[in-house]
Amino acid sequence: MDIKNHKTLTGMLLESVAARLDAELPKDAYKAVPGAADLTDIDPNYMRKVLNEVFGLCGIGWGYKYDSADMHTEIEERKRSTGGVRRVYVATLRRLTFWYKLSAADGNVVTCEIDASGGSDNDVEAYAMKGAITNALGHASSNIGFQESVYLGKRSHKTIGKTTASAKTAVPAASKTAAPAPKVSKPAPKQEAPVAPAEEDPASFV
């Protein structure tokens, strides 16, 4: 199968898909993983937004499915830092199937599938289950290159915006260096009458 001529349902060629999936997101899309400052978490809302842009609306160009029997939840009692215990729901999704569609050169539509698992915990059972689905979906989409640079350690919440910020600060720095030049040329005329060689000094600034 020649995949070079395959496109997503939005008309994007596969060679462009990889670049779009790994494109840098807005700064607020990245944040530190709680309890692990060196790890970066990606806002799942941006993941869904990018998948919609690349493959088409969820349910048409991409989507996911799972068997309810594969969703397992249990309750754990965990100690609070302030004392006492709290009940936490731990949800584990053993298998989720992420799918997306591609259009071949002959007009046929091909459905590609990726299996993944996920887990999450929350004080509310429904949120724990939702988190497990999102976690599994994130694992699956990473297999096709979504935010690959983050997983490879080339991009993180600590590096986003650093390049842009340094570029902005470089401009004022240059202007501050250039600003004193007019001040040097102003006192020069005062020296012209008493000291004739002073006329040669301004030429050195041209």
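Refer to the structure above for everything that follows.
Attention in this report is confined to the structure presented alongside it. (Residues numbered from 1 in each chain as written. Predicted model: local features only at pLDDT ≥ 70, side-chain atom pairs only at ≥ 80, totals over all residues. Heavy atoms only, no water.)

### Overview of the overall build of the protein chain
Operational definition: Where helices and strands are cited, they refer to DSSP runs of H or I of at least four residues and of E of at least two residues respectively, numbered from the N terminus. Three exposure classes are used, based on accessible area relative to the maximum for each residue type with a 1.4 Å probe and protein chains only: buried under 20%, partly exposed in between, and exposed over 50%. Computed with the Shrake-Rupley method and a 1.4 Å probe, the accessible areas treat only the protein chains shown as cover for residues.
Per the secondary structure count, the protein chain includes 7 helices and 7 strands. Going from N to C terminus, the protein chain has its helices and strands arranged as β-α-β-β-α-β-β-β-β-α-α-α-α-α. Taking all 206 residues of the protein chain together, 28% fall into the buried category. By element, 54% of the accessible surface of the protein chain is carried by carbon and sulfur atoms, the whole surface being about 13,400 Å².

### Considering the nonpolar core
To keep things clear, this is the line we draw: In plain words, nonpolar cores are sets of buried Ala, Val, Leu, Ile, Met, Phe, Trp, Tyr and Cys residues tied together by side-chain atoms within 4.5 Å.
Grouped together as the largest cluster of nonpolar side chains are 33 residues, with contacts concentrated most on Leu 25, Phe 55, Phe 98 and Tyr 100. Elements with a minimum of two residues in this core: α1 (14–22), α2 (44–55), β6 (85–103), β7 (109–122) and α3 (125–142).

### Some words on α3
Threshold: Under the convention used throughout, the expected extent of a helix is 1.5 Å for every residue step, that is, one less than its residue count. A contact between two residues is defined here by any heavy atoms of the two lying within 4.5 Å.
End to end, α3 covers 26 Å across 18 residues, agreeing with the expected 26 Å (1.5 Å per residue, within 8%). All buried positions along α3 are accounted for by Ala 128, Ala 132, Ile 133, Thr 134, Ala 136, Leu 137, Gly 138, Ala 140 and Ser 141. Among the structural elements, α2, β4 (62–65), β5 (71–79), β6, β7 and α4 (148–151) are those in contact with the buried residues of α3.

### As for the pairing of β7
We count it as follows: In this analysis, strands are considered paired if DSSP registers two or more bridges between them.
Pairing between β6 and β7: 13 bridges, direction antiparallel. Looking across to β7, one finds that Trp 99 is bridged to Glu 113. Taken together, β6 and the strand that follows it, β7, pair antiparallel across an intervening segment of 5 residues, in which Gly 107 is found at a positive phi of about 95°.

### Topic: the environment of Gly 118
Here Gly 118 shows up in strand β7. Distance in space between the C-alpha atoms of Gly 118 and Met 71 is 9.6 Å, their sequence separation being 47 residues. Here Gly 118 is in contact with Ala 91, Thr 92, Leu 93, Ala 132, Asn 135 and Ala 136, once residues within four sequence places are set aside.

### Regarding the packing of aromatic side chains
Our working rule: Only Phe, Tyr and Trp rings take part, Trp by its six-membered ring, and two of them pair if their centres are within 6.5 Å. Stacked means planes under 30 degrees apart, edge-to-face means over 60, and tilted covers everything else.
Scanning all chains against the criterion turns up 3 aromatic pairs. With 6.1 Å between their ring centres and 55° between their planes, Trp 62 and Phe 98 make a pair best called tilted. Residue Trp 62 is found in strand β4, and its partner Phe 98 is found in strand β6; the two are separated by 36 residues along the sequence. Exposure remark for Phe 98: the relative accessible area of 0% places this residue in the buried category. Among the aromatic residues, those joined into a cluster by ring pairs are Phe 55, Trp 62, Phe 98 and Tyr 100.

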